[in-house]
Amino acid sequence: MKPLTETDVRASFVNLTKGATKRLNLPADLAERPWEDLDYLGWQDPKAPQNHYLVTEHDGRLCGIALRASRESRGPRKTMCALCATVGDVALLVASRAGRSGQDGNSVGTYICADLDCSLKARNKRKLDTPVIHETLSAEQVDRLLGNLDSFVARVLRPA
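Quantities reported herein were computed from a predicted structural model and do not represent experimental measurements. (Residues numbered from 1 in each chain as written. Predicted model: local features only at pLDDT ≥ 70, side-chain atom pairs only at ≥ 80, totals over all residues. Heavy atoms only, no water.)

A. Seen up close, the overall build of the protein chain. Scanning the protein chain from N- to C-terminus turns up five helices and six strands. The linear arrangement of helices and strands in the protein chain, starting from the amino end, is α-α-β-β-β-β-β-α-β-α-α. The principal-axis extent of the C-alpha atoms belonging to the protein chain is close to 45 × 35 × 30 Å. The long-range share in the protein chain, meaning contacts at least 24 apart out of those at least 6 apart in sequence, stands at 56%. Here the protein chain has roughly 8,800 Å² of accessible surface; of this, 50% comes from carbon and sulfur atoms. Treating the 23 positive side-chain charges of the protein chain as one cloud and the 20 negative ones as another, the clouds have centres 8 Å apart. (Helix = DSSP H or I, 4+ residues; strand = E, 2+ residues; numbered from the N terminus. Contact = heavy atoms within 4.5 Å. Areas by Shrake-Rupley, 256 points an atom, 1.4 Å probe, with all protein chains shown as cover. Lys, Arg positive; Asp, Glu negative; His and termini not counted. Charge placed at Lys NZ, Arg CZ, Asp CG, Glu CD.)

Encoded structure:
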C-alpha cells in the first residue's frame, strides 16, 4: 500500500459524514506505519475503543470504512478472522452501509482481528499469541486476505 496522508485518510470514508471524518482520531504513528507490508490501514480509536477504522483501495480508489465493535460482543475472543484466516483475538465489527442504505440503518458485520493487523499476520511479520499451524505460502495468504477484504468492502458499498 502506498503511504497515506491525513488528508487522504479523511477524504476516503464512504460511511461517515464529513463532520464525523473531521472528528475521528487518526493513529498517532500514521507516518511510521510499515506501508510496504500493508494491504489496508487499520486502527482502533484510542479515545473511543468501540470505534475501528479501515482504509484500503477498492476498484482503483481509496475507500475508508468506519466500524464499531458489536454491542453483543464481550470483547475479542479466540476464533478465526474472516479476512486473514488466522486464529487469535477476533472481534465482531459492524459497518454501516455506504450512502442511503446506511442512513436507513442497514449494516454488515464480520469477524476481524481485533488489532487490525491482518496484513502483517498474512506475511508472518506479526507474532501470533496463540499456537497455530502456520502456513508457509505467504503469497497465498496475502491473496486470500485481499480477496476477503475486497468482498467485505463490496458488501459495505452495495445497497441493501
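After that view, the rundown keeps rolling.
B. Examining the pattern of salt bridges more closely. Tallied over the entire structure, the rule returns seven salt bridges. The shortest N-O distance in the salt bridge between arginine 123 and aspartate 39 comes to 2.7 Å. A residue pair is termed long-range when its members are at least 10 positions apart, and arginine 123 in the loop between helix H4 (118–122) and helix H5 (138–157) and aspartate 39 in the loop between helix H2 (18–23) and strand E1 (41–44) qualify at 84 residues. When its relative accessible area of 11% is taken as the criterion, aspartate 39 is described as buried. Where aspartate 104 meets arginine 100, a salt bridge forms, and the shortest distance between an N and an O atom there is 3.7 Å. Both residues of the pair, aspartate 104 and arginine 100, count as exposed. (Salt bridge = Lys/Arg side-chain N within 4 Å of Asp/Glu carboxyl O. Buried < 20%, exposed > 50% of the residue type's maximum accessible area, 1.4 Å probe, protein only.)

C. The arrangement of the nonpolar core in detail. Counting 27 residues, the largest nonpolar core has Tyr40, Ile65, Cys81, Leu83, Cys118 and Phe152 as its most contacted members. Residue assignment for this core shows that the elements contributing at least two residues are strand E3 (61–69), strand E5 (87–96), strand E6 (107–113), H4 and H5. Here the element with the most residues in this core is H5; it accounts for six residues. Ignoring anything within four residues of it in the chain, the contact list for leucine 83 reads Tyr40, Tyr111, Ile112, Cys118, Arg144, Leu145, Asn148, Leu149 and Phe152. Among the nonpolar cores identified, the runner-up in size contains 14 residues, and Leu24, Leu26, Leu41 and Ala66 belong to it. (Core = buried A, V, L, I, M, F, W, Y, C linked by side-chain atoms within 4.5 Å.)

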